[in-house]
Amino acid sequence: MAYTKKIEIQHFTEMEDTVGNHVQSWETFFCPWAEINTATAKEYYAAAQVNSENDVVFKIRYSSILVGKLTSEVRIVYKGLIYDVKRIEDINEQHRQFAIRAVQLNGGVRNERNNNT
């Protein structure tokens, strides 16, 4: 596997600001190297999903930091684009590699560091 692309995996957090207001934001907690592939038509049909040109599979080395994470808790940022994680899969349950299936959000809205989208 060629892990040549740096991605950011972010999780949703809620914190208190200095005056006690609850502030929700996305924070980067893991920056692995990844191999990035678009999902094939066969994968679309096997999953009974609508074929979308924005579906991507990020393959990364296995890390215990992602074990037990719910897909609703994480997202991926790659080249400034935000991807909503649909599934995190331990390939063949071998604890060597994760396949993270995701879909690009908002037709390519770019993530800005100060934007808590």
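Residues numbered from 1 in each chain as written. Predicted model: local features only at pLDDT ≥ 70, side-chain atom pairs only at ≥ 80, totals over all residues. Heavy atoms only, no water.

Draft legend 1. Structural detail: the overall build of the protein. What the protein contains, in helices and strands, is 1 helix and 8 strands. Ordered by position from N to C terminus, the α and β elements of the protein give β-β-β-β-α-β-β-β-β. Evaluated residue by residue, the protein yields a buried proportion of 33% over its 117 residues. Nonlocal contacts in the protein, meaning residues at least 24 apart in sequence, comprise 56% of its contacts between residues at least 6 apart. (Helix = DSSP H or I, 4+ residues; strand = E, 2+ residues; numbered from the N terminus. Buried < 20%, exposed > 50% of the residue type's maximum accessible area, 1.4 Å probe, protein only. Contact = heavy atoms within 4.5 Å.)

Draft legend 2. Broad picture of the sheet that holds strand 4 (residues 33-38). Pairing in this open sheet of 8 strands is antiparallel, and the strands run 1-4-5-8-7-6-2-3 from one edge to the other. A strand with exactly one partner marks an edge of an open sheet, and here the two such strands are strand 1 (5-6) and strand 3 (22-30). Pairing of strand 7 (residues 81-90) with strand 8 (residues 97-104) involves 7 bridges; the strand directions are antiparallel. Its bridge partner lying in strand 8, Arg-87 is registered against Arg-101. (Pairing = 2+ DSSP bridges.)

Draft legend 3. Inspection of the pairing of strand 2 (residues 8-16) at higher detail. Looking at chain direction, strand 2 and strand 6 (residues 74-78) are connected through 4 bridges and run antiparallel. Considered in strand 6, the bridge of His-11 is made with Val-74. As paired elements, strand 2 and strand 3 share 8 bridges and run antiparallel to each other. Paired with Gln-10 across the two strands is Thr-28, which belongs to strand 3. Hairpin connection from strand 2 to strand 3: 5 residues lie between these consecutive antiparallel strands, with Gly-20 at a positive phi of about 95 degrees.

Draft legend 4. Representation of unusual backbone geometry within the structure. Residue Lys-79 is not a glycine yet carries a positive backbone phi of 55 degrees. One can find Lys-79 in the loop between strand 6 and strand 7.

Draft legend 5. View of the packing of aromatic side chains. Counting across every chain of the model gives 4 aromatic pairs. Here Phe-12 and Trp-26 contribute two aromatic rings whose centre-to-centre distance is 5.3 Å and whose plane-to-plane angle is 65 degrees, an arrangement assigned as edge-to-face. Of this pair, Phe-12 sits in strand 2 while Trp-26 sits in strand 3, placing them 14 residues apart in sequence. Relative to Phe-98, the ring of Tyr-62 lies with its centre 4.8 Å away and its plane at 20 degrees, an arrangement referred to as stacked. Here Tyr-62, found in the loop between strand 5 (55-61) and strand 6, pairs with Phe-98, found in strand 8; they are 36 residues apart in sequence, far enough to count as distant. Phe-98 gets classed as buried once you look at its relative accessible area, which sits at 5%. Following the ring pairs from residue to residue traces out a cluster consisting of Phe-58, Tyr-78 and Tyr-83. In this structure, Lys-69 is placed above the aromatic ring of Phe-29, and the distance from its NZ or CZ to the ring centre is 4.9 Å. (Phe/Tyr/Trp six-rings, centres within 6.5 Å; stacked < 30°, edge-to-face > 60°. Lys NZ or Arg CZ within 6 Å of the ring centre and 35° of its normal.)

Draft legend 6. Summary view of the nonpolar core. In this structure, Ile-7, Ile-9, Phe-58, Ile-60, Ile-76, Tyr-83 and Ile-100 are the most contacted members of the largest nonpolar core, which totals 17 residues. Going through the elements one at a time, strand 5, strand 6, strand 7 and strand 8 are the ones with two or more residues in this core. Apart from residues no more than four positions distant in its own chain, Ile-60 is found in contact with Tyr-3, Ile-7, Ile-9, Phe-30, Pro-32, Trp-33, Ala-34, Leu-66, Arg-96, Gln-97, Phe-98 and Ile-100. (Core = buried A, V, L, I, M, F, W, Y, C linked by side-chain atoms within 4.5 Å.)

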